[in-house]
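# Tertiary structure, described
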Protein chains: 2
Amino acid sequence: MATSFSDRLAAAIRTKRTPVVVGLDPRFESLPEALRKPAKKMAWAGRAAGYKTFCQGVIDVVAPLVPAVKPQIAFFEQLGIVGLAALNHVIAHARQRGLLVIVDAKRNDIGSTAEAYAEAFFGANSDWRADALTVSPYLGDDSLTPFVDAARHNGGGLFVLVKTSNPGGGQLQDLVSDGKPLYQHVARHVERLAAEDAGPTGYGSVGAVVGATYPAQLAELRSAMPHSWLLIPGYGSQGATAKDVAAGFDASGLGAIVNNSRGIIFAHQRKEYSHFGPDRWQSAVEAATKDMIAALAAETPAGKLA
Amino acid sequence: MATSFSDRLAAAIRTKRTPVVVGLDPRFESLPEALRKPAKKMAWAGRAAGYKTFCQGVIDVVAPLVPAVKPQIAFFEQLGIVGLAALNHVIAHARQRGLLVIVDAKRNDIGSTAEAYAEAFFGANSDWRADALTVSPYLGDDSLTPFVDAARHNGGGLFVLVKTSNPGGGQLQDLVSDGKPLYQHVARHVERLAAEDAGPTGYGSVGAVVGATYPAQLAELRSAMPHSWLLIPGYGSQGATAKDVAAGFDASGLGAIVNNSRGIIFAHQRKEYSHFGPDRWQSAVEAATKDMIAALAAETPAGKLA
């Protein structure tokens with residue numbers, strides 16, 4: 001049996017002393033100019049090469065600083081087969097640099113189809129081998145089972161969408177049934193799964209995606225899901241601050257990881273880091289990562305990590 | 001502006017005089033022996049070659065008989081990059097044979113990430129160009145918007161998960177809020193989108209996935225969603241019969257398409273068609289397709305198609 005994802009994540013967080021996750025969401029328009037120029041001539045293949053160079057460049061900078069990266073598969077899938085081949089190289093590079101890889105794919109389906117997806121990301125021959133995967137809960141408990149089984153068997157983790165960071169997320173997630181919103185029903189199921197295999201850290205293989213843009217719900221879910229890791233998107237470009245995510249942690253600074261994608265990888269476009277200039281975009285990435293680490297250390301229980 | 005998916009689907013159904021959709025869900029263990037043998041030696045690449053040959057062989061048989069095929073991307077994704085390259089060839093083959101292609105991917109994400117997925121399947125340079133795509137609703141209305149926009153712009157269609165065919169689907173979908181189950185809330189949103197661009201057939205670009213395994217809910221949703229195409233899985237191997245799907249159609253026999261995957265593509269394994277023997281698996285596919293067409297014509301309003 002492989003070491004559990006939960007133990008590996010806790011160890012990585014303690015080693016790096018931060019819960020910051022860098023989201024790899026390459027967008028062609030936002031790549032540094034030097035990486036965009038050659039790509040223009042070569043359509044998808046050129047763009048994919050740009051994504052690979054760019055993401056590997058980000059990884060080189062952030063690998064000593066953070067426990068994990070979260071590639072968003074949609075941006076690679078957008079470029080078709082060459083894009084997904086680039087993602088294969090990006091994931092391999094992250095792994096080689098000692099980073100945990102959370103593939104943000106929000107997959108799900110029923111029965112044996114879910115098994116196929118689980119093998120695509122947790123299988124021994126996977127082209128996009130994930131330490132953890134995001135999945136969607138709409139299809140119900142039996143659709144999650146194959147993912148849970150594959151994750152546990154391979155020392156992987158899952159993050160189930162519970163309360164998403166987008167403005168329209170509440171349309172369904174906040175509908176009240178039996179006196180509580182839908183997202184709490186999902187949370188209860190996730191917590192049950194997490195408790196089943198919680199290890200020495202107190203957390204299990206199955207966690208929840210909870211947006212930083214809803215701080216009150218984040219606090220409520222932290223308390224309702226004591227065995228569940230929370231993957232928190234929405235920091236930075238989506239408007240949430242370090243104070244907003246503070247309630248996601250337990251008292252020791254564990255229990256949550258906070259993702260930032262655009263705010264870090266495209267830091268060269270942000271006013272605060274524009275002095276680096278377009279050629280020193282990696283220095284901008286480094287500075288933005290360190291600033292986020294410092295902000296979380298100052299404003300959240302993550303400051304207690306040691 | 002491209003001809004709308006709704007009009008193209010209605011025309012294809014009328015031409016073939018059936019609403020049968022053949023699901024392309026290749027599973028290595030179930031391939032005819034002749035296609036499995038070479039693959040064993042070559043791992044993923046060999047399996048992917050087997051999937052391509054097999055699916056193209058299915059397409060050759062069913063193209064004169066049915067309006068559409070529905071490849072399940074999970075089974076191709078399971079094989080990694082070579083699998084998704086095989087899917088590219090399968091889709092191209094289906095298109096060349098005049099079939100509409102519904103890519104069953106159940107994708108979704110927020111904002112610009114959803115845009116990336118939409119371009120992956122509806123974009124001009126897509127490797128997996130879909131006439132229609134299945135999507136998941138958990139992230140709410142703003143997550144669907146980029147898919148709706150891309151579908152409409154490219155003459156494509158969407159099928160949003162409403163009431164899925166699996167036993168556990170009800171865990172969330174049947175939770176009652178404001179006096180009605182969650183799936184009805186989703187249905188109401190889908191119907192609103194469908195009504196916005198309903199064409200001469202009365203149906204719009206956005207439809208719903210409603211499982212044949214819940215006939216009462218199928219009837220209720222047909223009535224609640226007069227402008228929405230229903231994509232009905234669950235026929236055959238999942239237990240639903242022609243009588244079970246009858247309520248999914250309007251009086252003229254339009255408004256629904258009924259998918260069958262394993263029951264058709266792996267017909268060579270079914271007792272009724274075992275007399276064809278393993279080498280004549282395509283004859284088994286043909287016979288199973290014709291039998292399903294006949295069953296729907298006999299037992300549902302699809303019999304009125306002319």
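Residues numbered from 1 in each chain as written. Chains lettered and ligands numbered in written order. Predicted model: local features only at pLDDT ≥ 70, side-chain atom pairs only at ≥ 80, totals over all residues.

### Observations concerning the overall build of chain A
A tally of helices and strands in chain A yields 13 helices and 10 strands. A compact globule built from 306 residues would reach a C-alpha radius of gyration of about 19 Å, and chain A, at 18 Å, matches this within 12%. Counting only C-alpha atoms, chain A reaches 55 × 45 × 40 Å along its principal axes. Here chain A, with 306 residues, has 64% of them falling under the buried criterion. Relative to all contacts within chain A whose residues are 6 or more apart in sequence, the contacts with residues 24 or more apart total 72%. (Helix = DSSP H or I, 4+ residues; strand = E, 2+ residues; numbered from the N terminus. Rg over C-alpha atoms; globule rule 2.2 N^0.38 Å. Buried ≥ 20, exposed ≤ 12 C-beta atoms within 10 Å, placed from the backbone. Contact = placed C-beta atoms within 7 Å.)

### Thoughts on unusual backbone geometry
All names here are of chain B. Non-glycine residue arginine 17 carries a positive phi angle of around 55°. Structurally, the position occupied by arginine 17 is in the loop between α1 (5-16) and β1 (20-24). Given 17 C-beta atoms within 10 Å, arginine 17 falls into the partly exposed group.

### Considerations on the interface of chain B and chain A
Counting from both sides, the interface comprises 50 residues of chain B and, opposite them, 50 residues of chain A. Counting residues per element, the ones that place at least two in the side of chain B that touches chain A are α3 (43-62), α4 (73-77), α5 (81-96), α6 (111-122), α7 (141-153), α8 (170-173), β6 (176-177) and α9 (182-196) of chain B. Per element, the largest residue contribution to the side of chain B that touches chain A is six residues, and it comes from α6(B). Taken together, the residues of the side of chain B that touches chain A sort by class into 21 nonpolar, 22 polar and seven charged. (Nonpolar A, V, L, I, M, F, W, Y, C, P; charged D, E, K, R; others polar.)

### A few points about the relation of the copies chain B and chain A
Here chain B sits on chain A after a turn of 180° about the axis and a move of 0.0 Å along it, with an RMSD of 0.0 Å. What we have between these two chains is a two-fold relation. For chain B, the residue whose C-alpha comes nearest the rotation axis is B:Ser177, separated from it by 2.4 Å. Both copies contact each other with a shared surface, as 100% of the interface residues of chain B are interface residues in chain A too. (Least-squares fit on C-alpha atoms with pLDDT ≥ 70 in both.)

### Some thoughts on helix α13 (residues 281-299) of chain B
The first and last C-alpha atoms of α13(B) sit 27 Å apart over 19 residues, in line with the 27 Å expected at 1.5 Å per residue. Burial in α13(B) covers these residues: B:Trp281, B:Ala284, B:Val285, B:Glu286, B:Ala287, B:Ala288, B:Thr289, B:Met292 and B:Leu296. (Expected span 1.5 Å × (residues − 1).)

### A short note on the packing of α3(B) against α13(B)
Residues and elements named next belong to chain B. Where α3 meets α13, the closest approach of the two axes is 9 Å, and the angle between their N-to-C directions is 45°. Here α3 lies oblique to α13, going by the angle between them. Our pair here, α3 against α13, has a crossing hand that is right-handed. Here Gly57, Val58, Val61 and Val62 of α3 lie close against α13, whose contacting residues are Gln282, Val285, Glu286 and Thr289. Tallied by class, the residues present in the contact of α3 with α13 amount to four nonpolar, three polar and one charged. (Axes fitted to C-alpha atoms, helices over the stretch in contact; angles between N-to-C directions. Parallel < 35°, antiparallel > 145°, perpendicular 65-115°, else oblique. Left-handed = near helix turned anticlockwise from the far one by under 90°.)

### As for the sheet that holds strand β9 (residues 230-232) of chain B
Residues and elements named next belong to chain B. The parallel closed barrel is built from eight strands, whose spatial order is β1-β2-β3-β4-β5-β8-β9-β10. On average, adjacent strands in this sheet sit at an angle of 30° to one another, irrespective of strand direction. Pairing of β1 with strand β10 (residues 256-260) involves three bridges; the strand directions are parallel. Of the residues in β10, the one forming a bridge with valine 22 is asparagine 260. (Pairing = 2+ DSSP bridges.)

### Looking at the confidence of the model for chain A
Residue-level pLDDT values for chain A average 96, and 98% of them are 70 or greater. The ipTM assigned to the predicted complex is 0.97, against a pTM of 0.98. (pLDDT = per-residue confidence, 0-100.)

### Considerations on the pairing of β10(B)
Residues and elements named next belong to chain B. The element β10 is extensively covered by neighbouring structure, given that five of its five residues are classed as buried. The alternating pattern of β10 places Ala256, Val258 and Asn260 and Ile257 and Asn259 on opposite faces, both of which are buried. For β9 and β10, the ladder comprises three bridges, and the chain directions are parallel. Bridge assignment links isoleucine 232 to a residue of β10, and that residue is valine 258.

### Some words on the environment of B:Ala94
All names here are of chain B. Assignment of secondary structure puts alanine 94 in helix α5. In this structure, the C-alpha to C-alpha distance between alanine 94 and aspartate 60, residues 34 residues apart in sequence, is 8.2 Å. Ignoring any residue separated from it by four or fewer positions in sequence, one finds alanine 94 in contact with Ile59, Val69, Leu99 and Val101.

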